[in-house]
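These are the residues of each chain, in order.
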Amino acid sequence: MFDSLTKRLNRAFKNISGKGKLTEKNMDEMLKEVRMSLLEADVNYRVVKDFIETIKEQALGQKVYDALDPAQMVLKIVRDELTNLLGSTTAEINYKEDGITTIMMVGLQGTGKTTASAKIANLMSKKQDRKVLLAACDVIRPAAIEQLQTLGKQIDVEVYTEGVQVDALTTAKNALAYAKANGYDTVLFDTAGRLHVDEELMKELEKIKKAVKPSDILLTVDAMTGQDIVNVAESFNEKLDVTGLVLTKLDGDARGGGILSVRAITHVPVKFVGTGEKIEDLDVFHPDRMAERILG
Ligand code: GDP
């Protein structure tokens, strides 16, 4: 993952390490290389600009030019700022202490929303001992309901559905009532996706939001679409106030531009990453660990 970014960043640091005192010229050359490697990784140019400026300020503030071995200091500054860029700390799910935790899964078709719903349901039921219900609210495509039912069976989590005859809002309300009556503590609503963000989709999602008062609205975005995820996330966030992102298909993302841009621009934290097609291929997102991985 992100191999070429890691390689280029390492090359940049090599140029300043083992040289003793650092001059501003060395630093500028190093930062130029860092800047180029981020731009080539498809990181948003505004994000790159702010990132480089912050590193410069930090380097001055921490007096790296007076230090005897400045390379380690610079590397630490870059690591810390990379962690900040990715969101600083792990963003947790907003579990409700009393009552049912309701999680709306939203996203464009094909981004991996249904898969992510099942992966998260599996994680919560197996690892966190929660009693989870999956609600099939994508009533546009019959195949979506079947897909969720198949996944539900696989992970041993019940799927609530009323088929495609009943609209999504009614299904969502009834699923919540069913969860209350049957002792569930968590409901994940798998909503419909479209190929593009459109008014009709947003209206339906807004209605479901009003009805189920979600503890979290998680938007799935496909990491392979790079910076495009920023535009998608902004559109959904404007209408719905998304509380977290699930960055899917990170296993297929060679560059890393999306993950490094989206938090800084949208301010929505990444809560999970999808790393493959299998149910277990889901990680809680830790910004510090991801920064370490990127730096190699
Ligand atoms: P939806 O239309 O948004 O509900 O998308 P699906 O959940 O049906 O997923 C679309 C395709 O992406 C399926 O073939 C999934 O197996 C695949 N997929 C989902 N998440 C991941 C992931 O993290 N990595 C990879 N490689 N494939 C994924």
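Residues numbered from 1 in each chain as written. Predicted model: local features only at pLDDT ≥ 70, side-chain atom pairs only at ≥ 80, totals over all residues. Heavy atoms only, no water.

- An unreviewed UniProt entry lists the protein under the name Signal recognition particle protein, with Breznakia blatticola as the source organism.
- Under Catalytic activity (unreviewed entry), UniProt gives the following word-for-word description of the protein: "GTP + H2O = GDP + phosphate + H(+)".
- On record in UniProt, under Function (unreviewed entry), the comment for the protein is "Involved in targeting and insertion of nascent membrane proteins into the cytoplasmic membrane. Binds to the hydrophobic signal sequence of the ribosome-nascent chain (RNC) as it emerges from the ribosomes. The SRP-RNC complex is then targeted to the cytoplasmic membrane where it interacts with the SRP receptor FtsY." (UniProt positions renumbered as here; feature names shortened; annotations may be inferred.)

### Focus: the site of the ligand
Piece 1. The local shell around the ligand holds 17 residues, among which G110, K113, T115, D251 and E277 are the closest.
Piece 2. Between K113 and the ligand, the recorded distance is 2.7 Å, taken from a backbone N or O atom to an oxygen atom.
Piece 3. In isolation the ligand has 590 Å² of accessible area, and contact with the protein removes 79% of it.
Piece 4. A total of four residues in the shell around the ligand trace back to one element, the largest contributor, which is helix 5 (residues 113-127). (Near = heavy atom within 4 Å. Polar contact = N/O pair within 3.5 Å; in protein donor to acceptor, adjacent residues only side chain to side chain. Areas by Shrake-Rupley, 256 points an atom, 1.4 Å probe, with all protein chains shown as cover. Helix = DSSP H or I, 4+ residues; strand = E, 2+ residues; numbered from the N terminus.)

### Considering the packing of aromatic side chains
Piece 1. Scanning all chains against the criterion turns up two aromatic pairs.
Piece 2. Summarising the aromatic geometry, the rings of Y160 and Y178 are spaced 5.2 Å apart at their centres and angled 45 degrees between planes, so their arrangement reads as tilted. In this pair, Y160 sits in strand 3 (residues 158-160) while Y178 sits in helix 7 (residues 168-181), placing the two residues 18 residues apart along the sequence.
Piece 3. Taken together, the ring pairs in this structure connect Y160, Y178 and Y184 into an aromatic cluster.
Piece 4. Taking the ring centre of Y184 as reference, the NZ or CZ of K131 above it sits at 4.4 Å. (Phe/Tyr/Trp six-rings, centres within 6.5 Å; stacked < 30°, edge-to-face > 60°. Lys NZ or Arg CZ within 6 Å of the ring centre and 35° of its normal.)

### Comments concerning the pairing of strand 5 (residues 216-222)
Piece 1. Burial analysis of strand 5 places seven of its seven residues in the buried class, the great majority of the element.
Piece 2. Taking every second residue as pointing to the same face, both faces of strand 5 are buried, with D216, L218, T220 and D222 on one and I217, L219 and V221 on the other.
Piece 3. In this sheet, strand 5 lies alongside strand 1 (residues 101-107) in parallel orientation, the contact comprising five bridges. Bridge assignment links M105 to a residue of strand 5, and that residue is L218.
Piece 4. Relative to strand 6 (residues 244-248), strand 5 runs parallel, the two sharing five bridges. Opposite L218, over in strand 6, you have G244 as the bridge partner.
Piece 5. Taken together, strand 5, helix 9 (residues 228-240) and strand 6 form a β-α-β motif whose crossover is right-handed. (Buried < 20%, exposed > 50% of the residue type's maximum accessible area, 1.4 Å probe, protein only. Pairing = 2+ DSSP bridges. Right-handed = clockwise from strand over helix to strand, strands pointing away.)

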